[in-house]
Amino acid sequence: MSKVYLIRLSLLGFLVIAVVTPSANATRKSVVLGGKADIPNVQTNIEIQELGRYCVEQFNLMEESEQGNAESIANTAVLNPLNFSRVVSAQKQVVAGLKYDLRIEVIQPDGTNRMFDSVVIIQPWLHSKKLLGFTPVATPVY
């Protein structure tokens, strides 16, 4: 047998082994780069709960600022703010930083609970955290 034949046979053997043997990645969930990923154990994740609290606080500040401008014109009282209750679900996406989509339960001024969807982006290298969206959910799903 020639050396070329043995080399080809060896390469063919390695190729067969590589194709037939399942890789470690084949047993893991498929992850799409840049795709959203669910965050597990949201109820006990202190970082996510604090991020939800931050979103409600920022929303209240924006509302207060808008009402403050109206108050100086119309001389009306500023409404009571929303109170953070808990983050119900969360997803994370890698963008130019980390983008979080949170479903947050809040307590309204009248004492009733309501769900809001929130979007916040964190860019640690810029020391930046910004609330991008905070909208009420039409039909809350717990």
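Right, let's walk through the structure included here. (Residues numbered from 1 in each chain as written. Predicted model: local features only at pLDDT ≥ 70, side-chain atom pairs only at ≥ 80, totals over all residues. Heavy atoms only, no water.)

Regarding its fold elements, the protein chain presents two helices and five strands. Starting at the N terminus, the α and β elements of the protein chain follow one another as α-β-α-β-β-β-β. Every one of the 142 residues in the protein chain was classed for burial, and the buried ones make up 26%. Partitioning the contacts of the protein chain with sequence separation of at least 6, the portion at a separation of at least 24 is 48%. (Helix = DSSP H or I, 4+ residues; strand = E, 2+ residues; numbered from the N terminus. Buried < 20%, exposed > 50% of the residue type's maximum accessible area, 1.4 Å probe, protein only. Contact = heavy atoms within 4.5 Å.)

Turning our attention to unusual backbone geometry. If you check the backbone angles, Asn-41 has positive phi at about 55° while not being a glycine. Relative to the helices and strands, Asn-41 resides in the loop between strand E1 (37–38) and helix H2 (46–74). At His-127, a residue that is not glycine, the phi angle is positive and equals roughly 55°. Note that His-127 resides in the loop between strand E4 (113–123) and strand E5 (128–136).

Right, let's get into the sheet that holds strand E2 (residues 83–95). If you walk across this open sheet you meet the five strands as E1-E2-E3-E4-E5, and the pairing is antiparallel. Of all strands in the sheet, those with a lone pairing partner are E1 and E5, marking the two edges. In this structure, E2 lies alongside strand E3 (residues 97–107), joined through eleven bridges in antiparallel fashion. From the neighbouring strand, Val-87 faces E3, where its bridge partner is Ile-104. (Pairing = 2+ DSSP bridges.)

Once that is clear, we can look at the pattern of salt bridges. Pairs can form between side chains of opposite charge once their charged atoms are near each other. The full count for this structure, using the stated rule, is four salt bridges. Of the charged contacts, one joins Lys-36 and Asp-101 as a salt bridge, the two residues approaching to 3.1 Å between their closest N and O atoms. Of the two residues, Lys-36 sits in the loop between helix H1 (3–20) and E1 while Asp-101 sits in strand E3, which places them 65 residues apart along the sequence. Measuring nitrogen to oxygen at the nearest pair gives 2.6 Å for the salt bridge that ties Arg-103 to Asp-117. Placement of Arg-103 in strand E3 and of Asp-117 in strand E4 is noted, with a sequence separation of 14 residues between them. Overall, Asp-117 belongs to the partly exposed group, its relative accessible area being 29%. (Salt bridge = Lys/Arg side-chain N within 4 Å of Asp/Glu carboxyl O.)

This part takes up the environment of Trp-125. With respect to the element layout, Trp-125 can be found in the loop between E4 and E5. Sequence separation of Trp-125 and Gly-97 is 28 residues, and the distance between their C-alpha atoms is 8.6 Å. Residues contacting Trp-125, with those up to four places away along its chain left out, are Ala-96 and Gly-97.

Attention now goes to the nonpolar core. Ranked by internal contacts, the top residues of the largest apolar core, which has 21 residues, are Ile-48, Cys-55, Val-87, Tyr-100, Leu-102, Ile-104 and Phe-134. Elements supplying a minimum of two residues to this core: H2, E2, E3, E4 and E5. With six residues, the top contributor of residues to this core is H2. Excluding its chain neighbours within four sequence positions, the residues that come into contact with Leu-102 are Ile-48, Leu-51, Gly-52, Cys-55, Val-87, Ser-89, Ala-90, Phe-116, Asp-117 and Ser-118. (Core = buried A, V, L, I, M, F, W, Y, C linked by side-chain atoms within 4.5 Å.)

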